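# Topology and contacts: notes
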Amino acid sequence: MATRTDVLLVTANVGSLFDNVGEIQNEWLQELYKTIRTCQPQFIALHFQEVGGKEYMVNMGQAEEFFWNIESSDELKDFDRRCIYVDNQFQAEERFTFKWSRKGFMRTRWIIHDRGLDLVNVHLFHDASNLIACKTSPSVYSANRKNALRHVINRISDNCHNTTPFFLFGDFNFRLDTLSLVQHLSTSAEVQTVKKDSSNEVQKIICEEKADRQVILLIEDKLFAYLHQAVFRDDNGKALLKYDKEVTAFHDVVREEEITFPPSYPYSEEYTKPTQYMNTRCPAWCDRILMSHAAQQFIHSVSRHLPAFRQYPRNVIVSTRVKFGERDGVTTASSYQQVWR
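Since we're looking at a predicted model, the values are computed, not measured.

Along the chain, the regular secondary structure elements total seven helices and 14 strands. The buried share of the chain, reckoned over its 341 residues, is 50%. Sequence-distant contacts, at least 24 apart, represent 70% of the contacts inside the chain between residues at least 6 apart. Accessible area of the chain: about 16900 Å², with a carbon and sulfur share of 48%.

Here it is in structure tokens:
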């Protein structure tokens, strides 16, 4: 009889866990442990971004404790092998990658039941300004992410190594088509553009209801305050998925299971408001799990159930019931890392 292995894939931007260690980290870990107990996987891949938070030089000691808490947990006691790939040599400027950028990718290759696969941790460029993101459709930031992700896919598909099925999961920073979305949200509003006195540069965009002059949307460089925030949570934000367009440029090489969770960013960092979005950016599905066509075909062929993609509190995205079949054995073959300036 064929042997199948349940695989759990988890991606999380954990920067806020280190900036608010006492308030958030323990709750986040408990949610992770609960997920592991529920799914009971035989193989777990955890992809983290922004380990150490904004003050990573100060917090790198906490990062080691964070990894130790996961390694020594009861939920992982039955796993006979653990591998951690992390760049913590922040005092070696010629080698420490974060000196250059917090964005990039890390690729690891695994063999499960004689089948090779690549797991690629990805962190792409963010939107630096909401106002610039509103200028064009697609935005300049979307174009930058497109170029970066195409580079990643080309690197893992080149002839330097044998090609295998792959999973790309991490913080892609994918955003909604902001210009089109703002036009949709302000259909019944009057839009005002406020410019700086000394230049023609836009300082803020104000959308007011025509009837009562109530401000329903206010946009600045680092402010996106929409009055009816529930639209991003109701029915998991499904009505806004049509503005989630960035991944479609890569359908020639990657696929994605149906999104059944609300936008994963930017959740409040306040301990008492775990499901509320901050008014800093437009909520979006930044955290994703993508897979090559070969990977999707394989997991569908060995499982009677489709992979289940869920979001848990504090930005945890998981894929469950991904199965690999035939015989025993899990090994790691190699790893590769690249960051961008």
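Take the packing of aromatic side chains next. Each pair of aromatic rings is reported with the distance of its centres and the angle of its planes. In this structure the tally under the stated criterion is eleven aromatic pairs. Ring geometry for phenylalanine 48 and phenylalanine 66: centres 5.5 Å apart, planes at 55 degrees, overall tilted. Separated by 18 residues along the polypeptide, phenylalanine 48 in strand β2 (residues 43-49) and phenylalanine 66 in helix α3 (residues 56-71) bring together distant segments of the chain. Under the relative-accessibility criterion, phenylalanine 66 is labelled buried at 0%. Where phenylalanine 232 meets tyrosine 277, the ring centres are 6.4 Å apart and the plane angle is 75 degrees; that geometry is what we call edge-to-face.

Another aspect to go through is the layout of surface pockets. Volume-wise, the second largest pocket comes out at about 670 Å³. Taken together, 31 residues form the lining of the second largest pocket, with Asn13, Glu50, Lys54, Tyr265 and Glu269 sitting closest to its centre. Looking at the lining of the second largest pocket, the element that brings in the most residues is helix α1 (residues 15-19), giving four residues. Split into classes, the residues belonging to the lining of the second largest pocket amount to nine nonpolar, nine polar and 13 charged.

Turning our attention to the environment of aspartate 171. Examined against the element boundaries, aspartate 171 turns out to sit in strand β5 (residues 166-171). With 118 residues separating them along the chain, aspartate 171 and isoleucine 289 place their C-alpha atoms 9.2 Å apart. Aspartate 171 has contacts with Thr11, Asn13, Gln49, Val122, His123, Leu124, Cys286 and Asp287, leaving out every residue within four places of it along the chain. Of note is the side chain of aspartate 171, whose polar atom sits 2.9 Å from the side chain of asparagine 13. Within the structure, aspartate 171 has its side chain in polar contact with the backbone nitrogen of asparagine 173 (distance 3.1 Å).

Turning to the side chain of glutamate 208, a few remarks are in order. Within the element layout of this structure, glutamate 208 appears in strand β7 (residues 202-209). Taking relative accessible area as the criterion, glutamate 208 reaches 14% and is therefore assigned buried. A distance of 3.2 Å separates a polar atom in the side chain of glutamate 208 from a polar atom in the side chain of glutamine 192. Those residues in contact with glutamate 208, other than ones at most four positions away along the chain, are Ala189, Glu190, Gln192, Arg213, Gln214 and Val215.

The subject of this paragraph is the sheet that holds strand β9 (residues 223-226). Strand order across the open sheet formed by four strands is β6-β7-β8-β9, with antiparallel pairing between neighbours. Pairing within the sheet leaves two strands with one partner each, and these edge strands are β6 (189-195) and β9. Adjacent strand axes in the sheet meet at a mean angle of 10 degrees, parallel and antiparallel pairs treated alike. Bridge count between β6 and β7: seven bridges; the pairing is antiparallel. Note that in β7 the partner of lysine 195 across the bridge is valine 202. Against the sheet, helix α6 (residues 178-185) touches β8 (215-220) and β9, its axis set at about 30 degrees to β9.

A few words on the confidence of the model for the chain. The share of residues in the chain with pLDDT of 70 or more is 82%, and the mean pLDDT across the chain is 85. Mean pLDDT across the elements of the chain bottoms out in strand β14 (residues 330-339) (50) and peaks in β9 (98). Throughout residues 326-330 the model reports pLDDT below 50, and contacts reaching past four residues in sequence, or to other chains, amount to 16 contacts.

Now for empty space enclosed by the protein. Applying the stated criterion across every chain, the model contains two cavities of 30 Å³ or more. In this structure, the largest cavity spans a volume of roughly 80 Å³. If you trace the largest cavity, you find it lined by Asp127, Asn130, Ala133, Arg175, Leu176, Thr178, Phe224, Arg281, Cys282 and Ala284. Considered as a void within the structure, the second largest cavity measures approximately 40 Å³ in volume.

Moving on, we come to the pairing of β5. For β5, the buried fraction is high: six of the six residues fall into the buried class. Note that strand β4 (residues 115-123) and β5 share six bridges and pair parallel. Considered in β5, the bridge of aspartate 118 is made with phenylalanine 166. Summarising the sheet, β5 and strand β11 (residues 287-292) pair through five bridges and their orientation is antiparallel. By the bridge assignment, glycine 170 is partnered in β11 with arginine 288.

Compared with an ideal rise of 1.5 Å per residue, which puts 17 residues at 24 Å, helix α5 (residues 140-156) spans 25 Å between its outermost C-alpha atoms and is within 8% of the ideal. Among all positions in α5, only Tyr141, Ser142, Arg145, Ala148, Leu149, Val152, Ile153 and Ile156 are buried. Buried residues in α5, looked at end-on, bunch into an arc of 135 degrees, giving them a common side. Among the structural elements, β3 (104-112), β4, α4 (130-133), β5 and β10 (254-255) are those in contact with the buried residues of α5.

Rules used in this analysis
- Residues numbered from 1 in each chain as written.
- Predicted model: local features only at pLDDT ≥ 70, side-chain atom pairs only at ≥ 80, totals over all residues.
- Heavy atoms only, no water.
- Helix = DSSP H or I, 4+ residues; strand = E, 2+ residues; numbered from the N terminus.
- Buried < 20%, exposed > 50% of the residue type's maximum accessible area, 1.4 Å probe, protein only.
- Contact = heavy atoms within 4.5 Å.
- Areas by Shrake-Rupley, 256 points an atom, 1.4 Å probe, with all protein chains shown as cover.
- Phe/Tyr/Trp six-rings, centres within 6.5 Å; stacked < 30°, edge-to-face > 60°.
- 1 Å grid on protein atoms, 1.4 Å probe; cavity = no way out; pocket = protein on both sides within 12 Å on 5 of 7 lines; lining within 4 Å.
- Points joined across faces, edges and corners; volume = space filled by probe spheres on them.
- Nonpolar A, V, L, I, M, F, W, Y, C, P; charged D, E, K, R; others polar.
- Polar contact = N/O pair within 3.5 Å; in protein donor to acceptor, adjacent residues only side chain to side chain.
- Pairing = 2+ DSSP bridges.
- Axes fitted to C-alpha atoms, helices over the stretch in contact; angles between N-to-C directions.
- pLDDT = per-residue confidence, 0-100.
- Expected span 1.5 Å × (residues − 1).
- Arc of directions from axis to C-beta.

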